[in-house]
Amino acid sequence: MVTWHPILAADEPTPGRWELRDQYGRCYGVVEILTIGDDLGYRADDAAGELIGHYATLRTACREVHSRFVQSHGPAPFRGYPDFGPRRD
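Residues numbered from 1 in each chain as written. Predicted model: local features only at pLDDT ≥ 70, side-chain atom pairs only at ≥ 80, totals over all residues. Heavy atoms only, no water.

Chemist: Honestly, the overall build of the chain in this entry has me stumped. Any pointers?
Modeler: Summing up its helical and strand segments, the chain has one helix and five strands in all. Seen in sequence order, the chain has helices and strands lined up from the N terminus as β-β-β-β-β-α. For the chain, with 89 residues in total, the buried portion stands at 28%. Counting only contacts in the chain whose residues sit at least 6 apart along the sequence, the fraction spanning at least 24 positions is 21%. In the form shown here, the chain has an accessible surface area of approximately 6,800 Å², with 54% of it arising from carbon and sulfur atoms. (Helix = DSSP H or I, 4+ residues; strand = E, 2+ residues; numbered from the N terminus. Buried < 20%, exposed > 50% of the residue type's maximum accessible area, 1.4 Å probe, protein only. Contact = heavy atoms within 4.5 Å. Areas by Shrake-Rupley, 256 points an atom, 1.4 Å probe, with all protein chains shown as cover.)

See below:
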């Protein structure tokens, strides 16, 4: 079974830098490859340049950027359910 993954939203304008873009072409996050000594890793930032985290794989870094983007579309933190009971004026 083939499934969509956030890495498919990534555009690589320069080698080692991926910009995740929404359906309108707006960048909503950036993943950059890092080398520290002999280790490779990935830094994930949101569109404002705020660090989301450091990850061992490109796949995980893209997933975390996309997850942050999706979460930004809903209320946070959860404020509870509205009271639909009778008005008590």
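Chemist: Looking at this structure, I do not really get the packing of aromatic side chains. What am I missing?
Modeler: Think of a pair of aromatic rings as described by two things: how far the centres are apart, and how the planes are tilted against each other in angle. Under the counting rule described, the total for this entry stands at two aromatic pairs. With centroids separated by 3.8 Å and ring planes inclined at 15°, the aromatic side chains of tyrosine 28 and phenylalanine 69 adopt a geometry described as stacked. Of this pair, tyrosine 28 sits in strand 3 (residues 27-36) while phenylalanine 69 is found in helix 1 (residues 58-71), placing the two residues 41 residues apart along the sequence. Given the relative accessible area of 8%, tyrosine 28 is considered buried. For phenylalanine 69, a relative accessible area of 22% puts it in the partly exposed group. (Phe/Tyr/Trp six-rings, centres within 6.5 Å; stacked < 30°, edge-to-face > 60°.)

Chemist: In this structure, what is going on with the pairing of strand 3? I would like to understand it.
Modeler: Where a strand is regular, its side chains alternate between the two sheet faces. When strand 2 (residues 17-21) meets strand 3, the two strands line up antiparallel, connected through five bridges. Opposite leucine 20, over in strand 3, you have glycine 29 as the bridge partner. Hairpin connection of strand 2 to strand 3: five residues between the antiparallel strands, including glycine 25 at a positive phi of 85°. The sheet contact formed by strand 3 and strand 4 (residues 39-46) spans eight bridges and is antiparallel. Of the residues in strand 4, the one forming a bridge with glutamate 32 is arginine 43. Linking strand 3 back to strand 4 in an antiparallel pair, the connection comprises two residues, with glycine 37 at a positive phi of about 65°. (Pairing = 2+ DSSP bridges.)

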